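Commentary on secondary and tertiary structure
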Amino acid sequence: MNKIQELAPHIAYCGLDCSGCEVYQATAFDDDGLRQNYANKVKLQWKIEVDPASVNCHGCRDTRPKSGFCASCEVRQCAAERGLENCAPCEDYGCEKLQKVHAAMINVGKAVDGIATASINLDTIRNDMGLT
Ligand code: SF4
Ligand code: SF4
């Protein structure tokens, strides 16, 4: 088992497991090589210049600043304001904000069979809670 596989899951408000995110991994291990790899990937795939020193995130539910897409995420703000651990138990589950975030994740390949893995994770949590 490599060190990345040893990371505990950190389930975000949207259902994403932050432990699978390169930014979270680089931060968790304070690894400048992983930061550089992420910056290289973003430049190659999306033609966006990222300063490796800015590649830091302690996970969605941590209150420290976020980078990239997560920095301005409406789902995070909404679920935090509602005092929820994640969107699964929300009475408005499946709202437009959540659907938009999951659609964006499908577009960057964080999906299985066309369904965002974050959505699959939330459905599992809802099932475990008896909400489906
Ligand atoms: S998309 Fe939003 S809710 Fe999901 S991990 Fe990023 S900040 Fe958190
Ligand atoms: S309204 Fe939508 S984004 Fe906000 S907590 Fe509920 S499901 Fe999540």
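Quick note: structure is the one above.
Residues numbered from 1 in each chain as written. Chains lettered and ligands numbered in written order. Predicted model: local features only at pLDDT ≥ 70, side-chain atom pairs only at ≥ 80, totals over all residues.

Description of the site of ligand 2
Quick note on the threshold: Being near a molecule or strand means, for a residue, that its backbone-placed C-beta atom lies within 6 Å of it. Helix and strand definitions follow DSSP, with helices as H or I runs of at least four residues and strands as E runs of at least two, each counted in order from the N terminus. In this count, Pro and Cys sit with the nonpolar residues alongside Ala, Val, Leu, Ile, Met, Phe, Trp and Tyr, while Asp, Glu, Lys and Arg are called charged and the others, Gly among them, polar.
V75, C78, A79, R82, L84, C87, C90, D92, Y93, C95, K97 and L98 make up every residue found near ligand 2. Mapped by element, the contributors of at least two residues to the shell around ligand 2 are helix 3 (74-81) and helix 4 (96-107). Of the residues forming the shell around ligand 2, the biggest block, three residues, is contributed by helix 3. Here the residues of the shell around ligand 2 sort into nine nonpolar, no polar and three charged.

Let's talk about the nonpolar core
What counts, and what does not: In this description, a nonpolar core means buried residues of the types Ala, Val, Leu, Ile, Met, Phe, Trp, Tyr and Cys, linked to one another by C-beta atoms lying within 7 Å. For every residue, the other C-beta atoms within 10 Å of its own C-beta are counted; 20 or more classify it as buried, 12 or fewer as exposed, and values in between as partly exposed. C-beta atoms are placed from the backbone.
Among the nonpolar cores identified, the biggest contains 29 residues, and A12, Y13, C14, L16, V23, V75 and C87 are the most heavily contacted of them. Sorting the residues of this core by element identifies helix 1 (22-28), helix 2 (32-46), helix 3, helix 4 and helix 5 (117-128) as the ones contributing at least two each. Per element, the largest residue contribution to this core is four residues, and it comes from helix 1.

Considerations on the site of ligand 1
Neighbouring residues of ligand 1: A12, Y13, C14, L16, C60, K66, C70, C73, V75, R76 and V101. In terms of residue class, the shell around ligand 1 is built from nine nonpolar, no polar and two charged.

Overview of helix 2
What counts here: Each residue after the first adds 1.5 Å to the expected span of a helix. Our arc is simply the arc of the directions from the helix axis toward the C-beta atoms. Here contacts are defined at the residue level, using C-beta atoms placed from the backbone and a cut-off of 7 Å between them.
Taking 1.5 Å per residue as the helical rise, helix 2 with its 15 residues ought to reach 21 Å, and the 21 Å between its terminal C-alpha atoms agrees with that figure. Three or more residues of helix 2 are buried, namely L34, R35, Y38 and A39. Projected down its long axis, helix 2 carries its buried residues within an arc of 140°, all on one side. Residues of helix 2 that are exposed and point over 90 degrees away from its buried face: G33, N40, K41, K43 and L44. Packing partners of the buried residues in helix 2 comprise helix 1.

So, the packing of helix 3 against helix 4
For clarity, the threshold we go by: Axis definition: a line fitted to C-alpha atoms, limited for helices to the stretch in contact. Angles are taken between N-to-C directions and run from 0 to 180 degrees. For classification purposes, angles smaller than 35 degrees are called roughly parallel, those larger than 145 roughly antiparallel, those between 65 and 115 roughly perpendicular, and all remaining angles oblique. Definitions for this section: a left-handed crossing has its near helix turned counterclockwise from the far helix by less than a right angle. A right-handed crossing has that turn clockwise.
Where helix 3 contacts helix 4, the two axes come as close as 9 Å, and the packing angle between them is 140°. When the axes of helix 3 and helix 4 are compared, the pair comes out oblique. Relative to helix 4, the crossing made by helix 3 is left-handed. Side by side, helix 3 and helix 4 meet where E74, V75 and C78 of the first sit next to K97, L98 and V101 of the second. For the contact of helix 3 with helix 4, the class distribution of residues is four nonpolar, no polar and two charged.

Regarding helix 5
Helix length check: helix 5, at 12 residues, gives a terminal C-alpha distance of 16 Å against a target of 16 Å (1.5 Å per residue), a fit within 8%. Turning to helix 5, its buried residues number three or more, namely A118, S119 and L122. Around the axis of helix 5, the buried residues are gathered within 100° of arc, so they sit on the same side. Of the exposed residues in helix 5, those oriented more than 90 degrees away from the buried face are N127 and D128.

Structural notes on the environment of P89
Assignment of secondary structure puts P89 in the loop between helix 3 and helix 4. Between the alpha carbons of P89 and L122 there is a distance of 9.0 Å; along the sequence they are 33 residues apart.

Side note on unusual backbone geometry
Positive phi is not limited to glycine here, since D30 has a value of about 40°. As for its placement among the helices and strands, D30 is situated in the loop between helix 1 and helix 2. Even without being glycine, D113 reaches a positive phi, approximately 50°. In this structure, D113 sits in the loop between strand 1 (111-112) and strand 2 (115-116). Since 5 C-beta atoms lie within 10 Å of it, D113 is described here as exposed.

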